[in-house]
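# What the coordinates show
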Amino acid sequence: MGTMMEVLRFLLSKRCVVQVLRTFCTMVPTFISWFTECEKLATSAALRAMCGIDGIIGAIDGCHIKLQRPPIRGGDYLNRKRYYSVVLQGMVDGRGTFRDIFVGAPGRVHDSRILRKSAFIVRWGEKMGRYMLLGNSTYISRKYPFIVTPKRGDGALTIQDQQRNTQICKGRVVVEQAFGRWNRRTLPDPNQLHSTCLELRASSSKVHSSSHPDPQLPLHLITTTSTTSTRLHRGFSPIYCDFTTSLEIEG
């Protein structure tokens, strides 16, 4: 009898968590939204005063969320610091407010590749306009013309280059501090969240094959948007959420 009651409590609690997550999915755009044009103008002025660079509306970086080794493809979650994690990509404004979040890639995946796989990269021209973000050397690439990065020089940088790098570092403080505040808060057990997202994955009703598989990212990815559509990709494994104007849970 006791075992039966424990099973019932487990199923009911899991069902409640799933319901809460689904409700949360519909609310996310209320709290995390991209800039309006007026906000871009104001943020650009604030960051110019902070770091001396014109046309900057925020900064981008990645943060590792620690978890126990997942039972499936666990090695993919082992990051370069030798612990298991999923990666949170965040873009923040001058006040450290998150404007775009993309989370769930296995810890071994490089920040640059995560950006390439995010929904943001498809619409970066529309979203950024004439403005730019600050990023670290991870994002040095012609594929990201909207990110201002420091120069690498191995001791051969000019005075101007060094001053520019210092300005970028000053501006990037906003995203580092944002992650610091977030990490100090009490977070849910990532393994429990992982299990719940797997259940959400199983409940998806429409799954379609992607026409653009990525052979370098061997794990499958299911995306459930805030509407009822879903699609299947070769890519990252769960958990995977894209919080912009719509929420995607990819598992």
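Look up: the structure comes first, before these words.
Now for a quick tour of the structure. Only a predicted model underlies this, so the values are computations on that prediction, with no experimental measurement involved. (Residues numbered from 1 in each chain as written. Predicted model: local features only at pLDDT ≥ 70, side-chain atom pairs only at ≥ 80, totals over all residues. Heavy atoms only, no water.)

## Section: the pairing of strand β2 (residues 85-92)
- Of all 8 residues in β2, 8 are buried, a share of seventy percent or more.
- Covered by surrounding structure in β2 are Ser 85, Val 87, Gln 89 and Met 91 together with Val 86, Leu 88, Gly 90 and Val 92, the residues of both alternating faces.
- The pairing of strand β1 (residues 56-66) with β2 spans 8 bridges and is antiparallel. Looking at β2, one finds that Gly 62 is bridged to Gln 89.
- Examined bridge by bridge, β2 and strand β3 (residues 98-106) share 7 bridges and lie antiparallel to one another. Pairing of Met 91 across the sheet is with Asp 100, part of β3.
- Hairpin remark: β2 followed by β3, antiparallel, with 5 residues in the connecting loop; positive phi at Gly 96, about 85 degrees. (Buried < 20%, exposed > 50% of the residue type's maximum accessible area, 1.4 Å probe, protein only. Helix = DSSP H or I, 4+ residues; strand = E, 2+ residues; numbered from the N terminus. Pairing = 2+ DSSP bridges.)

## Focus on helix α2 (residues 37-51)
- Over its 15 residues, α2 extends 21 Å from the first C-alpha to the last, a length consistent with the 21 Å expected when each residue adds 1.5 Å.
- What α2 keeps buried is the set Lys 40, Thr 43, Ser 44, Leu 47 and Cys 51. Seen end-on, α2 carries its buried residues on one side only, within an arc spanning 110 degrees. Exposed residues lying more than 90 degrees from the buried face of α2 are Cys 38, Leu 41 and Ala 49.
- Buried residues in α2 make contact with β1, α4 (124-128), β4 (132-134) and α5 (159-184).
- Following α2 by one or two positions, Gly 52 adopts a phi angle in the positive range, close to 85 degrees. (Expected span 1.5 Å × (residues − 1). Arc of directions from axis to C-beta. Contact = heavy atoms within 4.5 Å.)

## Focus on the packing of aromatic side chains
- This structure, assessed with the given rule, holds 7 aromatic pairs.
- Taking the centre distance of 5.0 Å and the plane angle of 85 degrees together, the rings of Trp 34 and Phe 35 count as edge-to-face.
- Taken together through their ring pairs, the aromatic side chains of Trp 34, Phe 35, Phe 120, Trp 124, Tyr 139, Tyr 144 and Phe 146 make up a single cluster.
- Here the basic side chain of Lys 66 rests over the ring of Tyr 83, its NZ or CZ set 5.7 Å away from the ring centre.
- Sitting above the plane of the Phe 35 ring, Arg 99 keeps its charged end 4.5 Å from the centroid. (Phe/Tyr/Trp six-rings, centres within 6.5 Å; stacked < 30°, edge-to-face > 60°. Lys NZ or Arg CZ within 6 Å of the ring centre and 35° of its normal.)

## Details of unusual backbone geometry
- Positive phi, close to 50 degrees, is recorded for Arg 73, a residue that is not glycine.
- Inspection of the secondary structure puts Arg 73 in the loop between β1 and β2.
- The class for Arg 73 is partly exposed, based on a relative accessible area of 41%.
- Phi at Arg 82 takes a positive value of approximately 70 degrees, unusual for a residue other than glycine.
- Along the polypeptide, Arg 82 turns up in the loop between β1 and β2.

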